[in-house]
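Chain and residue survey
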Amino acid sequence: MIALNKLLQKIKTLDVRGDTNRFVRDLQYDSRLVEPDAAFIAIRGYRTDGHDFIHQAYEKGARVFFVEKDVELPGAAFVKVADTRRALPQIARIFFNYPDHKLKLIGITGTNGKTTTAYLIHSILKQAHWSPGLVSTVEYFDGKQWEPAERTTPESLDLLRLFSRMVNAGLKSAVMEVSSHALSLHRVEGIPFVAGVFTNLGRDHLDFHETEEKYFLAKRKLFETFGENQKAVLNADDPYSRRIRQASKGEFFTFSMQDPSATVSYVSHRIKREGLQLQLRIPSGMVHLESALLGNFNIYNIMAAVTVAISLGLQENYIVDGVRGLLRVPGRCERYSTSAGFSVYIDYAHTPQGLQNILGAVLETRPHNLIVVFGAGGDRDKGKRPQMGKAAEDFADQVVITSDNPRSEDPNAIINDILQGIYDRNKVTVIPDRKEAIHEALSRANKRDAVVIAGKGHEKYQEIAGKRNPFDDHQIVRDFFREKGWEIDI
């Protein structure tokens, strides 16, 4: 609880009306969650405008309102600002007593690899006794409990509320994915990251950003405010890293599979069915790492995490133990062996590069046949659909095309877009029903084959016609094996 006049001390306002001695017990931007004596921040969204819900918030007990328009209601205080969305993180920061300043925060941005890199860094920080929290696409950890994530990077108010819970639980640090949406919509504005990571840039979210250039510029925002005491960890093999360096004053650390002069550079690796054995060159010499993860793309993720650890001055034994200790990342190249003799991989890949990465990684295990099941999301960038089709054709022996989250689109129209990128239709089977498609792929698999189920990973729903229906790729696989009387370690 905080007095409104104290809340206003560092907020740039255009006008203030009403009693500023009033106490605020909570903050909300969703009128449905308002309780008595909460402050309601009216945010303009892409589909709705919070100003349209001011009366609803008032009826539920809100008596303090942050707005962009002139509004009056009996007994209420109104604070007018130029942009409520940009004001929101600062309002929340003051209300929760600057929790982001009490944690050592590492932010990760890029197209692919954010989630796995976040889990790797989190594992290393645990070994180093940094008491880390986690904010990922999959789940959040506040020091007391794990909860499913609603979005990759929460709205600024929700994020600072989460940081406050971390501080109250005694955590000292946190690792978080920072999405391009979050950077564009000011969700992480003002957060004093001790380190930031850029993994790579590929095609994604062009439905929101319109062009790859705008998409990149959104990603770069993470580093543009960095000072010399903040660590910028960059993938030296991605050409966009050079442009980040030009726009940032951070202290730079790099990782590379091609450049031996990088802070962390690749030397060699071996792939076994149980994972990677990896040799890297770090400033102190050579380091040998073992990981349950697979694929060249995970070598990059491991190198990114190692580089962060080095930038923070962590000991080598914490790095080695942290990398080895991460056995599985939910929905990211999760491998399951079966009593039928073939392997099943469940992965979140939903971009052309992501699909290439997972299929390439599985091919390195040398399966007899590689079968892939995938679709593409509706109401998203349509241009990547044929590219995903081409990736599947290039890498897989058999392709089963199905639905992902069609949302408001016709699933068959999405499938037809994917098919435009495929030349050899003989290796393709179209089954719009995702459960049937997974069953078909599993039924085809023989000993030493591999089945990749891509696109949804950790998600436990399928969004069709605006409704989220319960759906879990893991459960579908589990049920299939139970019906067959086979075993799978899932």
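Residues numbered from 1 in each chain as written. Predicted model: local features only at pLDDT ≥ 70, side-chain atom pairs only at ≥ 80, totals over all residues. Heavy atoms only, no water.

So, about the sheet that holds strand β17 (residues 275-282). Ordered by their spatial adjacency, eleven strands build an open sheet running β11-β10-β9-β12-β8-β13-β14-β15-β16-β17-β18, and the pairing between neighbours is mixed. Two strands bound the open sheet, and with one partner strand each, they are β11 (146-148) and β18 (285-291). Adjacent strand axes in the sheet meet at a mean angle of 20° when their direction is disregarded. In this sheet, strand β10 (residues 139-141) lies alongside strand β9 (residues 132-135) in antiparallel orientation, the contact comprising two bridges. Within β10, the residue paired with L134 across the bridge is F141. (Pairing = 2+ DSSP bridges. Helix = DSSP H or I, 4+ residues; strand = E, 2+ residues; numbered from the N terminus. Axes fitted to C-alpha atoms, helices over the stretch in contact; angles between N-to-C directions.)

All right, on to the packing of aromatic side chains then. A full pass over the atoms with the stated rule returns eleven aromatic pairs. Summarising the aromatic geometry, the rings of F481 and W486 are spaced 5.7 Å apart at their centres and angled 65° between planes, so their arrangement reads as edge-to-face. For F481, a relative accessible area of 1% translates into the label buried. Residue classification places W486 among the partly exposed residues on the basis of a relative accessible area of 34%. (Phe/Tyr/Trp six-rings, centres within 6.5 Å; stacked < 30°, edge-to-face > 60°. Buried < 20%, exposed > 50% of the residue type's maximum accessible area, 1.4 Å probe, protein only.)

The alternating pattern of strand β13 (residues 195-198) places A195 and V197 on one face and G196 and F198 on the opposite face, and all of these are buried. Where strand β8 (residues 104-109) and β13 come together, four bridges link them in parallel fashion. Paired with T109 across the bridge in β13 is F198. Inspection of the sheet shows β13 paired to strand β14 (residues 231-235) by four bridges, in the parallel sense. Bridge assignment links F198 to a residue of β14, and that residue is L234.

Any link to function would need more than the numbers given here.
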